[in-house]
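Letter by letter, the chains look like this.
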Amino acid sequence: RNLEEKSAILEKAKALIQEKSLKKMHHNLQELHEHWKNTGPVRRELREELWGEFQDISKQLNKKRNDHFLQKKKQDAEKLNLKEVICTEIDDLTSKNIDSHKKWKNVTDQCNNLESRWKGLGRLGKEDNKIAWKNLRNSLNNFYNKKNEFYKQKKENSKQTLTNKIAICKKAENLQENTDWQETGRKFIKLQKDWENSGYSPASQSNEIWKRFKKACDTFFKARKIHYNDLDAKREDAL
């Protein structure tokens, strides 16, 4: 009876070679070993041969499992290296000065593509996965902190630009009725240059100010033109 039972255990162990799930294979092998241990002895002349065969099958199964983990460890090391390379590429995106919305949009698209590539490499072992995620978070945090800082500064600059444009507009409005045509004309030309050099501010904020500034300029230059036209007419009459 013991011989029949141990022979059945041996056949079950051999069948485990075809098992695709390594976890299930390992678990079942442990159960078979426990079953073997709890099964009584067989005749002395058969004992060593039977046990040796069971050991050989067990070694094959354990080797299959170990080879899998060694291969996985090797693959994880390669994946971890690739993931670190991608993190370095994300860091490099902001190594140069990015000074416009268009450029930030471009590098943000690149960053999203790199992040997708990173995730597409798949999971790693528990410890390697922890390291890889930490590196990615650091790189992404660094990228988005710099991006946020750019837009924060851009907002501050727009605010200051709008303040400057309002000041230019008020100067123009104060001068629009002035009849010192030559001196005031020079001042208006300077104010127009100051406006051009004052920088960018969103149209939603500056359109109204621009209309006021243009109206003040048009009022002065139209009045000046009428004045000089009158002078020309008087000169003609005098001539």
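As a reminder, the structure under discussion sits directly above these lines.
Right, let's walk through the structure included here. Just so you know, these numbers come straight off a predicted model, no measurement behind them.

Some points on the nonpolar core
Turning to step 1, where the next piece is worked out: Ile90, Trp104, Cys111, Trp118, Leu136 and Phe143 are the most contacted members of the largest nonpolar core, which totals 17 residues.
Turning to step 2, where the next piece is worked out: Broken down by secondary-structure element, the contributors of at least two residues to this core are helix H3 (44–93), helix H4 (101–120) and helix H5 (126–175).
Turning to step 3, where the next piece is worked out: Once residues lying within four places of it in the same chain are set aside, the contact partners of Cys111 are Ile90, Leu93, Leu140, Phe143 and Tyr144.

A closer look at H4
Turning to step 1, where the next piece is worked out: Compared with the 28 Å implied by 1.5 Å per residue over 20 residues, the 28 Å span of H4 between its first and last C-alpha is a close match.
Turning to step 2, where the next piece is worked out: Along H4, the residues classified as buried are Trp104, Val107, Thr108, Cys111, Leu114, Glu115 and Trp118. Taken end-on, H4 shows its buried residues confined to a sector of 125 degrees, consistent with a single buried face. Exposed side of H4, more than 90 degrees from the buried face: Lys102, Asn113 and Gly120 are the residues found there.
Turning to step 3, where the next piece is worked out: Its buried side turned inward, H4 meets H3 and H5.
Turning to step 4, where the next piece is worked out: Just downstream of H4 lies Gly122, where phi reads positive at about 90 degrees.

Some remarks on H3
Turning to step 1, where the next piece is worked out: If you check H3, its first and last C-alpha atoms are 73 Å apart, about what 50 residues at 1.5 Å a residue would give, namely 74 Å.
Turning to step 2, where the next piece is worked out: Along H3, the residues classified as buried are Leu50, Phe54, Ile57, Ser58, Leu61, Asp76, Leu80, Lys83, Ile86, Cys87, Ile90 and Leu93.
Turning to step 3, where the next piece is worked out: Close packing links the buried residues of H3 with helix H1 (2–15), helix H2 (22–38), H4 and H5.

Re the packing of H3 against H4
Turning to step 1, where the next piece is worked out: Running from amino to carboxyl end, H3 crosses H4 at an angle of 170 degrees, the nearest separation of the two axes being 10 Å. In terms of their interaxial angle, H3 and H4 are classed as roughly antiparallel. Contact with H3, carried on its side by Lys83, Ile86, Cys87, Glu89, Ile90 and Leu93, involves Val107, Gln110, Cys111, Leu114, Arg117 and Trp118 of H4 and no other residues of that element.

Side note on the environment of Ser206
Turning to step 1, where the next piece is worked out: Structurally, Ser206 can be placed in helix H7 (residues 203–238).
Turning to step 2, where the next piece is worked out: Taking the C-alpha atoms as reference points, Ser206 and Glu19, separated by 187 residues in sequence, lie 73 Å from one another.
Turning to step 3, where the next piece is worked out: Residues in contact with Ser206, not counting those within four places in the same chain, are Leu162, Lys165 and Ser201.

Things to note about the pattern of salt bridges
Turning to step 1, where the next piece is worked out: Summed over the entire model, instances satisfying the criterion amount to 17 salt bridges.
Turning to step 2, where the next piece is worked out: Among the salt bridges present, the one from Lys14 reaches Glu11, with a minimum N-O distance of 3.7 Å. Taken together, the positions of Lys14 and Glu11, both in helix H1 and three residues apart, correspond to about one turn of that helix.
Turning to step 3, where the next piece is worked out: Looking at Lys14, the relative accessible area reads 29%, which means it is partly exposed.
Turning to step 4, where the next piece is worked out: Of the residues examined, Glu11 reaches a relative accessible area of 48% and is grouped as partly exposed.
Turning to step 5, where the next piece is worked out: A salt bridge links Glu127 to Lys130; the shortest N-O distance between them is 3.9 Å.

Side note on the side chain of Asp76
Turning to step 1, where the next piece is worked out: Structurally, Asp76 can be placed in helix H3.
Turning to step 2, where the next piece is worked out: A polar contact is formed between the side chain of Asp76 and the backbone nitrogen of Gly125, at a distance of 2.9 Å.
Turning to step 3, where the next piece is worked out: Those residues within four positions of Asp76 in sequence are excluded, and the remaining contacts are Arg123, Leu124, Gly125 and Asp128.

Remarks on the packing of H5 against helix H6 (residues 181–196)
Turning to step 1, where the next piece is worked out: Contact geometry for H5 and H6: axes closest at 10 Å, N-to-C directions at 165 degrees. Judged by the inter-axis angle, H5 sits roughly antiparallel to H6. Judged by the sense of rotation from one axis to the other, the crossing of H5 with H6 is left-handed. Only Thr184, Lys187, Phe188, Leu191, Asp194 and Trp195 of H6 make contact with H5, whose side of the interface consists of Lys165, Ile168, Lys171, Ala172 and Leu175.
Turning to step 2, where the next piece is worked out: Its residues assigned to classes, the contact of H5 with H6 comprises six nonpolar, one polar and four charged.

What counts, and where the lines are drawn
Residues numbered from 1 in each chain as written. Predicted model: local features only at pLDDT ≥ 70, side-chain atom pairs only at ≥ 80, totals over all residues. Heavy atoms only, no water. Core = buried A, V, L, I, M, F, W, Y, C linked by side-chain atoms within 4.5 Å. Buried < 20%, exposed > 50% of the residue type's maximum accessible area, 1.4 Å probe, protein only. Helix = DSSP H or I, 4+ residues; strand = E, 2+ residues; numbered from the N terminus. Contact = heavy atoms within 4.5 Å. Expected span 1.5 Å × (residues − 1). Arc of directions from axis to C-beta. Axes fitted to C-alpha atoms, helices over the stretch in contact; angles between N-to-C directions. Parallel < 35°, antiparallel > 145°, perpendicular 65-115°, else oblique. Salt bridge = Lys/Arg side-chain N within 4 Å of Asp/Glu carboxyl O. Polar contact = N/O pair within 3.5 Å; in protein donor to acceptor, adjacent residues only side chain to side chain. Left-handed = near helix turned anticlockwise from the far one by under 90°. Nonpolar A, V, L, I, M, F, W, Y, C, P; charged D, E, K, R; others polar.

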